[in-house]
Amino acid sequence: MSKSKFGPLVGAIDEGTSSCRFLAFASNTAEVLTYHQREVRLIYPREGWVEQDPLEVMEAVHECIERTVANLRHLDIDPSALVATGISNQRETTVVWDKLTGKPLYNAIVWLDVRNTDTVDRMVAKTRNRSADYWKPVCGLPISTYFSACKLRWMMDHVPAVTRAMRQGRCLFGTIDTWIIWNLTGGVNGGLHITDVTNASRTMLMNIKTREWDPTLCSFFGIPENILPEIRSSAEIYGHITSGALLGLPISGCLGDQQAALVGQMCFEQGQAKNTYGTGCFLLYNTGTLIVQSTHGLLTTVGYQLGKKAPVIYALEGSIAIAGVAMRWLRDNLHLLKRVEDSAGMAGRARSTGHVVFVPAFSGLYAPYWRQDARGVICGITEETSKENIVKAALEAVCFQTRDILEAMNADCGIPLTRLLVDGGMTINNYVMQTQADLCGIPVVRPVMTETTALGAAMAAGCADGIKVWDIHNIHAVPNDTFHPSITEDAKDVRYAAWKMAIERSLGWDLKTVPNDSILSDISNQIISAIPAGFFILTSVALLHIAKKMKCR
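Summary of the structure given here.

Thresholds applied
Residues numbered from 1 in each chain as written. Predicted model: local features only at pLDDT ≥ 70, side-chain atom pairs only at ≥ 80, totals over all residues. Heavy atoms only, no water. Salt bridge = Lys/Arg side-chain N within 4 Å of Asp/Glu carboxyl O. Helix = DSSP H or I, 4+ residues; strand = E, 2+ residues; numbered from the N terminus. Buried < 20%, exposed > 50% of the residue type's maximum accessible area, 1.4 Å probe, protein only. Pairing = 2+ DSSP bridges. Contact = heavy atoms within 4.5 Å. Polar contact = N/O pair within 3.5 Å; in protein donor to acceptor, adjacent residues only side chain to side chain. Axes fitted to C-alpha atoms, helices over the stretch in contact; angles between N-to-C directions. Parallel < 35°, antiparallel > 145°, perpendicular 65-115°, else oblique. Nonpolar A, V, L, I, M, F, W, Y, C, P; charged D, E, K, R; others polar. Core = buried A, V, L, I, M, F, W, Y, C linked by side-chain atoms within 4.5 Å. Phe/Tyr/Trp six-rings, centres within 6.5 Å; stacked < 30°, edge-to-face > 60°. Lys NZ or Arg CZ within 6 Å of the ring centre and 35° of its normal.

Here we take up the pattern of salt bridges. By the definition in use, this model includes 26 salt bridges. As a salt-bridge pair, Arg 170 and Asp 98 come within 2.0 Å of each other at their nearest N and O atoms. Of this pair, Arg 170 sits in the loop between helix H5 (160-167) and strand E8 (171-175) while Asp 98 sits in strand E6 (residues 94-98), placing them 72 residues apart in sequence. A relative accessible area of 18% places Arg 170 in the buried class. Take Asp 98: its relative accessible area is 6%, and that puts it in the buried class. Here Glu 236 and Arg 232 are joined by a salt bridge, their closest N and O atoms 3.2 Å apart.

Examined bridge by bridge, strand E2 (residues 19-26) and strand E3 (residues 31-39) share eight bridges and lie antiparallel to one another. Residue pairing for E3: Ser 19 is matched across the bridge by Glu 39. Where E2 hands over to E3, the hairpin turn is made up of four residues, of which Ala 30 adopts a positive phi near 60°.

Its place among the elements puts Asp 404 in helix H12 (residues 387-413). A sequence separation of 36 residues divides Asp 404 from Pro 368, and the C-alpha atoms of the two residues are 6.9 Å apart. For Asp 404, the contacting residues outside a window of four places in its chain are Pro 368, Tyr 369, Tyr 496, Trp 499 and Lys 500. Of the polar contacts made by the side chain of Asp 404, one reaches the side chain of Trp 499; its length is 2.9 Å.

For Asn 107, the location among the structural elements is in the loop between E6 and strand E7 (108-109). Accessibility expressed as a relative area gives 24% for Asn 107, which makes it partly exposed. Sequence spacing of Asn 107 and His 158 is 51 residues, and the spatial spacing of their C-alpha atoms is 13 Å. With residues up to four places along the chain from it excluded, the contact list for Asn 107 reads Ile 43, Glu 51, Gln 52, Asp 53, Pro 54, Thr 94 and Met 155. Within polar-contact distance, the side chain of Asn 107 engages the side chain of Glu 51 at 2.9 Å.

A few words now on unusual backbone geometry. A cis amide bond links Ala 367 with the next residue in sequence, Pro 368, at an omega value of -5°. With phi around 60°, Arg 211 is a residue other than glycine that occupies positive phi space. Inspection of the secondary structure assignment puts Arg 211 in the loop between helix H7 (197-200) and helix H8 (215-221). You can call Arg 211 partly exposed: its relative accessible area is 30%.

Among the secondary structure elements, Thr 402 is positioned in helix H12. The class for Thr 402 is buried, based on a relative accessible area of 1%. In terms of polar contacts, Thr 402 uses its side chain to reach the side chain of Asn 275, at 3.1 Å. If we skip the residues at most four places from it in the chain, Thr 402 touches Asn 275, Tyr 277, Cys 281, Leu 283, Ile 320, Leu 420 and Gln 436.

It is worth spelling out the packing of helix H9 (residues 257-264) against helix H14 (residues 452-462) at this point. As a packed pair, H9 and H14 sit with axes 7 Å apart at the nearest point and diverge in direction by 80°. Considering their axes alone, H9 and H14 lie roughly perpendicular with respect to each other. From H9, Asp 257, Ala 260, Ala 261, Val 263 and Gly 264 reach across to H14, where they touch Thr 452, Thr 453, Leu 455, Gly 456, Ala 457 and Met 459. By residue class, the composition of the contact of H9 with H14 is six nonpolar, four polar and one charged.

Further remarks concern the nonpolar core. In this structure, Tyr 277, Leu 330, Val 359 and Trp 499 are the most contacted members of the largest nonpolar core, which totals 62 residues. Element by element, the count of residues in this core is highest for H12, at 13 residues. Setting aside its immediate chain neighbours within four residues, Tyr 277 contacts Val 398, Thr 402, Leu 420, Val 422, Asp 423, Gly 424, Gly 425, Met 426, Thr 427, Met 433 and Gln 436. Judged by nonpolar contacts, the second largest core, of 54 residues, contains Ala 165, Ile 208, Ile 227 and Leu 228.

Let us now look at the sheet that holds strand E14 (residues 281-288). One open sheet holds the seven strands; their spatial order is E15-E16-E14-E13-E19-E20-E21, and the pairing between them is mixed. Edge positions in the sheet fall to strand E15 (299-304) and strand E21 (480-483), since each has one partner strand and no second. Neighbour-to-neighbour, the strand axes of the sheet open up by a mean angle of 30°, direction not taken into account. By the bridge criterion, four bridges tie strand E20 (residues 444-447) to E21 in an arrangement that is antiparallel. From the neighbouring strand, Arg 446 faces E21, where its bridge partner is Asp 481. Sitting on the sheet, H9 is in contact with strand E13 (273-277), E14, E15 and strand E19 (420-423), with an inclination near 55° to E15.

Attention now goes to the packing of aromatic side chains. Taken as a whole and judged by the stated rule, the model has 20 aromatic pairs. Here the aromatic rings of Trp 97 and Trp 182 are separated by 5.5 Å at their centres, their planes lie at 55°, and the arrangement is tilted. Here Trp 97 is found in strand E6, whereas its partner Trp 182 is found in helix H6 (residues 176-184), with 85 residues between them in sequence. A ring pair is formed by Trp 329 and Phe 358, whose centres lie 6.0 Å apart and whose planes are at 45°; its orientation type is tilted. Residue Trp 329 is located in helix H10 (residues 324-332), and its partner Phe 358 is located in strand E17 (residues 357-359); the two are separated by 29 residues in the primary sequence. Three or more aromatic residues link up through ring pairs in this structure, and these residues are Trp 111, Tyr 146, Phe 147, Phe 282, Tyr 366 and Trp 370. Lying across the ring of Tyr 35, Arg 21 places its NZ or CZ 6.0 Å from the centre.

Geometry only, nothing functional implied.
Put into structure tokens, the structure is as follows:
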């Protein structure tokens, strides 16, 4: 077997919301040589609760590594050509475990879980001006169900095993990257308790300027600093894998998945942006070494720091909770399509009469609205509406939400994007890509090689001091497809105006956020009086009835 055929290889563990993969890249061409993927189960104990078994996550990581190494051997490539591996992970998902036994103290609470709404309300009430944005100047983030601090606070308030382990000095906290690195580097036998600066910036506990855990924030949330991991850069040798097929391999790169995509898309210049379409949808805009505090509902986050002494690059981020998951909802809950892959064809067959708008705010709206009282609505239903129209509207919702974020970014930065780089699973859908270009009025650039998230993790690992097999500033851009706008400005703006009307109708539906009956009555009257003829709002119960009728036709 040859070690030099493809040059040094760099691995990437890509642990996402719904699956885990391990990929092997050729460092001289950025080509994926082989990979293995395994789904990771999502657990839904109650409405709005989303969990994962941390032990299952590690089983998936180990399986993907072992099978990819076997694939390399099958391709006549020596696995010892792997010189390092990086990690890309779902962000904000919160894990706590016992450092003496290595066992989780509770299931991981996934980033889109909203069980901690009451925790958020309590934290907001503690601020001086009762504002969710009170701590944004410190950490770049609003107080929200989204971020790790409120998830951890919920565990401390509701899981006795967690508070008991904290009292006994046995509790460790981390996001998924921390959990993976701790286990791969020895676990209870000296495992490293670390995270990188991009993941730390998503917890609400890191000071965005100092890039260290902030004592004031930790005190505000009541979280002891001794359970937090050490913060490192995104590209350095952290440690080595202590068992399995990659025994002794350095772990030298770590990035939250969206920041990894920013690196993989080579958005190294201030003003460049990428949008990743996955379970959710995440648009990051490189602001260079400048910390931009958004006044239009966006998040300030760390983009990357590729080395201990490298500059910290910041970004503005717009986060959309529901993207690809809406297609699975239409498939699994309403049975409007058999396969997610069928959605583009169905959208193309939708009748052109009328215009249906779907706001998939299943558990509130993220950027730029940050309204946890929002719920999903479908507007514009007529007797001519078909299941194809609803599927089409669900796809278009992703594109409308992306335009919302671009509008906010333009307002914050003053420099409109001239093109949008895209990646992620939904980008294989040509209908979505063309609609995105039409609704935003700028070209949408899709790389032919879609593994940009894993590529970013591999690039970080390969450029770390002590590895240096990847020159990130001397990589040729991968080939791409470009989708150009094909509708008029007037047509674009008319469709966007309908979206904005639908957004208004999605607000105020979570009755738990309404303080009393009189306010509920006021909201109801406002909503009813605002609905023009021809617009209807369907609750999930009504949607199920419609779905059954469509299925019977």
